[in-house]
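As a plain string of letters, each chain reads:
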Amino acid sequence: MKPTRAVGVIGYGGYIPRYRIDAAEVDRVWRGSGKKEGQSFKAVPGPDEDTTTIAIQAARNAMDMASIDPNELRAVWFGTESKPYAVKPTSTIVADAIGALPHANAADWEFACKPGTEAMQAAIGMVGSDMARYAMCGGADTAQAKPGDVLEYTTGAGGAAFILGPGQESVAVLQASTSYVTNTTDFFRREGQEYPNHGQRFTGEPAYFHHIRSSVMTLMEEIGAGPGDFTFAVFHQPNSQFPLRVAAELGFARNRVEPFVLTNLVGNTYSGAAMLGFAKALDVASPGDRILLASYGSGAGSDAFSYEVTDKIVEVRKRGVPIERYLKRTKSVDYAMYARYRGKLRRN
Amino acid sequence: MHFARSWRQQSSNLRLVGSRCTSCGAILFPERIRCSGCGSTELEDHRLSGRGTIFTVTTVFEAPRGFESQVPYFAALVELEEGPIICAMLTDVDREDVSVGKKVTMVTRRILAHGDDGPIIYAYKFTPELAG
Ligand SMILES: [Zn+2]
């Protein structure tokens, strides 16, 4: 799929909370198996942070980079599965915070780890059809896990925002996008339940791998490209092994993928995961580079995108905040502080 | 629940919108209807940059109602680059990194949630500028 007029990213930004917990610390509390420290961490939102505040900061960083009048945004669309309000959109608060209201469509996208790229496809359609000059999309999460569940080792927090606009203003122009979606239930949370349920091993081959392989192969066929045509490839990253394995299966060289797998540093940021990886790729890309982005959401499918980086990237990204700065800004917390920050301790 | 009050304060809470006096040029925060410098009522909305420096700071251990979950926290007077000095909480910072004159920038955080079923109030806090 591609729009009738050229569309691309005119600015982007990410955000990662400052606190980190070592997976070995989670393991110490629940299993005590002596897991080695310093191997993998996840980002923990501070006591005053949630998906809305993460999305706001990512959106502000994107706006600083794009340097446009917020009143020219016709859409502010964030995807998340950890909304602070069950009823009342997050995106209205984000849109208000960046000054985009009232003449913008502000709405939330939802479910699994890929609502952010669903919003990206819609934003591409909106700009590509000339309904809007600019549209913002993004994904942010403070991922939930039942204390002691295997998910608790990796459920992180973070997000990223992208502003889509006309191709000639873009730092990266879209070639095409595809979706590969089936009705496969491997991960879900029933209404009213606090934590999600997952299908353990079932989340691998028939879910993550099949969907990403299919969306990416369809995309490459559509634009007549092979893995060797891409400088970088960014995949959804629920852990650090899956994206490397799917990349190898598809024929992408490891060194073009690994720098954008942030799971060992920040955990799985769900709706933010592939998008933060994409932002980091844009941080280091050169004009002419091609970047593949492929998201995955359990029970939701996979969206794939191909972007070509333009000359504008060099000057424009100087106005933004490199993802690396958030990766370096860390303060480690133990399980007790993590439990307090995440509201797992009830005082009444 | 103060729906109307928090709704009225949203532009200052979320975007640091203050007032600019069209007579003497003074920048005021939060929004005013009369200039505290020259008395003029000819004021226009003005969005502040969110950059400033710590003027004074104190650590709060006994918090007012609704803020108990955040103690200990830093309450500061922040001098904004446009002139106004405002009272705000600092966040994402440790005691050893807090000092008078330190450069800070505005971020939006959860300030207050009215119980488990009330509205969440988002507003400004300040944090040290991100190291390059
Ligand atoms: Zn005046």
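For every chain, the first residue of the written sequence is number 1, and numbering continues from 1 along that sequence. For naming, the first written chain is A and the first written ligand is 1, with later ones following in the order written. Residue-level local features of this predicted model are given only where pLDDT is at least 70; pairs of side-chain atoms are given and counted only at 80 or more, and the full residue set underlies all totals for whole chains, interfaces and linings.

Peer 1: Mind showing me how you'd approach the sheet that holds strand β13 (residues 302–309) of chain A here?
Peer 2: All names here are of chain A. Two strands form a pair only when DSSP identifies at least two bridges running between them. Helix and strand labels come from DSSP, where a helix needs a run of H or I of at least four residues and a strand needs a run of E of at least two; each type is numbered from the N terminus. An order of β5-β4-β6-β7-β1-β8-β13-β12-β11 is seen for the nine strands of this open sheet, with the pairing classed as mixed. Two strands in the sheet have a free side with no partner beyond their single neighbour: β5 (105–110) and β11 (232–235). With direction set aside, neighbouring strand axes in the sheet form an average angle of 25 degrees. As judged from the eight bridges shared by strand β6 (residues 134–142) and strand β7 (residues 157–166), these two strands associate in the antiparallel manner. Its bridge partner being in β7, D141 is matched across the sheet by G158. Contact criterion: two residues are in contact if their C-beta atoms, reconstructed from the backbone, are within 7 Å. Axis definition: a line fitted to C-alpha atoms, limited for helices to the stretch in contact. Angles are taken between N-to-C directions and run from 0 to 180 degrees. Helix α2 (residues 51–66) rests against β1 (7–15), β4 (73–80), β6 and β7 of the sheet, and its axis sits at about 130 degrees to β1. Where helix α4 (residues 115–128) meets the sheet, it contacts β1, β4, β5, β6, β7, β8 (172–180) and β13, and its direction lies at approximately 165 degrees from that of β4.

Peer 1: Would you take a moment to explain the sheet that holds strand β2 (residues 27–28) of chain B for this structure?
Peer 2: Across a sheet, strands are paired by hydrogen bonds formed along the backbone, either parallel or antiparallel in direction. Residue and element names in this part refer to chain B. Strand order in the open sheet formed by three strands is β2-β1-β3, with antiparallel pairing between adjacent strands. Of all the strands in the sheet, just β2 and β3 (43–47) have a single pairing partner and so form its edges. Where strand β1 (residues 17–21) and β3 come together, five bridges link them in antiparallel fashion. Each bridged residue has a counterpart across the sheet, and for R20 the counterpart in β3 is E44.

Peer 1: Could you clarify how one ought to interpret the interface of chain A and chain B in this entry?
Peer 2: A common way to state how big an interface is: give the accessible area lost once the parts meet. Facing the 18 residues of chain A at the interface are 16 residues of chain B. The set of elements that each furnish at least two residues to the side of chain A that touches chain B consists of α2 and α3 (91–97) of chain A. For the side of chain A that touches chain B, the leading source of residues is α2 of chain A, giving four residues. Class assignment for the residues of the side of chain A that touches chain B results in six nonpolar, five polar and seven charged. Here the term charged refers only to Asp, Glu, Lys and Arg, the term nonpolar to Ala, Val, Leu, Ile, Met, Phe, Trp, Tyr, Cys and Pro, and the term polar to all other amino acids, Gly among them.

Peer 1: I would appreciate a short explanation of the packing of helix α5 (residues 204–223) of chain A against helix α6 (residues 241–250) of chain A in the present structure.
Peer 2: Relative orientation and spacing of two packed helices are given, respectively, by the angle between their axes and the distance between those axes. Residue and element names in this part refer to chain A. For the pair α5 and α6, the least separation of the axes is 10 Å and the interaxial angle reads 45 degrees. Looking at the two axes, α5 sits oblique to α6. Here the hand of the crossing between α5 and α6 comes out right-handed. Across the interface between the two elements, Y208, F209, I212, R213 and V216 from α5 touch F242, V246, E249 and L250 from α6. Roughly parallel covers angles under 35 degrees, roughly antiparallel covers those over 145, roughly perpendicular covers 65 to 115, and oblique covers all other angles. It is the rotation of the near helix from the far one that decides the hand of a crossing: anticlockwise by less than a right angle makes it left-handed, clockwise makes it right-handed.

Peer 1: What am I meant to see in the pairing of strand β6 (residues 85–90) of chain B here?
Peer 2: Regular strands place their side chains on alternate faces of the sheet. Residue and element names in this part refer to chain B. Relative to β6, strand β5 (residues 73–80) is paired through six bridges, and the arrangement is antiparallel. Bridge pairing links F74 to L90 in β6. Following β5, the chain reverses through four residues before pairing antiparallel with β6; G83 in that reversal takes a positive phi of roughly 125 degrees.

Peer 1: Would you take a moment to explain the domain arrangement of chain A for this structure?
Peer 2: Residue and element names in this part refer to chain A. Marked domain ranges trace back to an automatic or database domain assignment. Split into domains, chain A comes out as domain 1 (7–172 + 313–341) and domain 2 (176–309). Between domain 1 and domain 2, the C-alpha centre-to-centre distance is 16 Å. Listed by partner, the interface residues are 48 residues for domain 1 and 38 residues for domain 2. Contributions of two or more residues to the side of domain 1 that touches domain 2 are made by β1, β3 (41–44), β4, α4, β6, β7, α9 (313–316) and α10 (323–328). Among the elements that take part in the side of domain 1 that touches domain 2, α4 stands out by supplying six residues, more than any other. Its residues assigned to classes, the side of domain 1 that touches domain 2 comprises 23 nonpolar, 17 polar and eight charged.

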